Amino acid sequence: MEDKKLLHITNGDDLAQKFVEMKLPGDLITWREMLCEGPASQDVGDAEFLKLRRKFLKENYGISKQEYQEKFVTELDKLAAINNYDEIVLWFEFDLFSHMNVLAVIAFLLQNKKHDPLSLVCSRKLEGEEEMVPLSELSEENLQKHYEQRIPLTDDDVRTAELIWELYCSKNPKRLTGEINKSTNFEYLASSIRAHIERFPSAKTGLNSLEVNVLKLIKEHEIQSLHHLLGYALKYQGYYGYVDVQMQRVIDKLREFYTVSDSHIHLNEDGEKALSGSKNFYQRLKDNEYYGGVRKYDFLYDPDSHDLLKL
């Protein structure tokens, strides 16, 4: 019997390197984007999409047009040219970072009339594991187990992924809350949507869940330096999956809420008020940051109803 023709799409270079080391059969494309942050349009890879992404990544992370072309657009062109695979294996993590990327991958495949069968290799607890470990940090043996237990995606899964990407790129994120309870083979999609909804500023404080979490870490731990704080914020961020440069931006934006000394970081008066909810800092923090198709500060998250309020 002839071997299946496989295409593997990995989320980032670390995982791609693991794939190479495992010597699995099939071709490889590496997805290098961070679509959980910044503006994005629905048609992945078209002129508007690339213009939005290049501008955001250049202004916020210093990524040049040439680097973006080499790292992302070149791989996207390869993906547009694929044809007649027996299976496309998507290697993506459980967090928001990875989920926004994998939704975009699926949307791109559909937009380019690629209807090859899809399966998902996603971080999840295996027997004997106490917690989920990122795929790139798994042993080769455990990564092989994840691969062997990959999850076939149904037509309904694919349609749901396409819809959620469309909603993420729309101007009305409120519609995403209606997708949280939908049953799919994306085991952690609901948790990622909840995490995204909670990234909008709280109606009570003007800070979002990531920002509040950083302030809580400062208050509850003996944080000795900004580097120490970055390590804690990365480790205890929950379902966001932010990488170091993203989390550093969060910490930098909060600098007016904490004081740094030679050996300690502590909350100042405004930091304490933000944590206690006794003052709203919405107007002070407001900027033009985007999540997909909507400005971050055009909606408020209501922690009581767990819904979004349009301003």
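To be clear, the structure that these remarks concern was listed above.
Residues numbered from 1 in each chain as written. Predicted model: local features only at pLDDT ≥ 70, side-chain atom pairs only at ≥ 80, totals over all residues. Heavy atoms only, no water.

1. Some words on the nonpolar core
Definition in use: As used here, the term nonpolar core means buried Ala, Val, Leu, Ile, Met, Phe, Trp, Tyr and Cys residues forming a set that is joined through side-chain atoms within 4.5 Å. Per-residue accessibility, obtained with a 1.4 Å probe over protein chains only, is compared with the maximum for each type, and a residue is labelled buried under 20%, exposed over 50%, and partly exposed between these values. A run of DSSP states H or I qualifies as a helix once it reaches four residues; a run of E qualifies as a strand once it reaches two. Both are numbered from the N-terminal end. In what follows, a contact means two residues having at least one pair of non-hydrogen atoms within 4.5 Å.
Core analysis: the biggest nonpolar cluster contains 89 residues, and Ile9, Trp31, Leu79, Leu90 and Trp165 have the highest contact counts within it. Sorting elements by how many residues they give to this core places helix 4 (residues 96-111) first, with twelve residues. With near-sequence residues (within four places) excluded, leucine 79 lies in contact with Leu7, Ile9, Ile29, Trp31, Val105, Phe108, Leu109 and Lys114. Leu24, Trp91, Leu138 and Leu143 belong to the second-largest nonpolar core, a separate cluster that totals twelve residues.

2. Some details on helix 10 (residues 244-253)
Heads up, the rule is: What the arc covers is the set of directions going from the helix axis to the C-beta atoms.
For helix 10, the full list of buried residues reads Gln246, Met247, Val250 and Ile251. One face of helix 10 carries all of its buried residues, which in axial projection span an arc of 140 degrees. In this structure, the buried side of helix 10 is in contact with helix 2 (47-61), helix 4, helix 8 (209-220), helix 9 (226-235) and strand 7 (258-260).

3. Here we look at the packing of aromatic side chains
Selection rule: Two rings belonging to Phe, Tyr or Trp (six-membered ring only in the last case) form a pair when the distance between their centres is within 6.5 Å. Interplanar angles under 30 degrees mark stacking, angles over 60 mark edge-to-face geometry, and anything in between is tilted. We call a charge positioned above a ring when the Lys NZ or Arg CZ atom is no farther than 6 Å from the ring centre and deviates by at most 35 degrees from the ring normal.
In this structure the tally under the stated criterion is 15 aromatic pairs. Ring plane angle 35 degrees and centroid distance 5.8 Å describe the contact between tryptophan 165 and tyrosine 168, whose orientation is recorded as tilted. Of the two residues, tryptophan 165 and tyrosine 168 both sit in helix 6 (residues 155-168), three residues apart, roughly one turn of that helix. With relative accessibility at 2%, the residue tyrosine 168 sits in the buried group. Among the aromatic residues, those joined into a ring-pair cluster are Phe19, Trp91 and Tyr147. Lying over the aromatic face of tyrosine 85, lysine 5 brings its terminal NZ or CZ to 4.7 Å of the ring centre. Positioned above the aromatic ring of phenylalanine 299, the side-chain terminus of lysine 310 is 5.5 Å from the ring centre.

4. Observations concerning unusual backbone geometry
The backbone of asparagine 84 sits at a positive phi, close to 60 degrees, despite the residue not being glycine. Of note, asparagine 84 is situated in the loop between helix 3 (65-81) and strand 4 (87-92). In this structure asparagine 84 comes out as exposed when scored by relative accessible area, which is 55%. Of note, the phi angle at lysine 113 is positive, near 60 degrees, even though the residue is not glycine.

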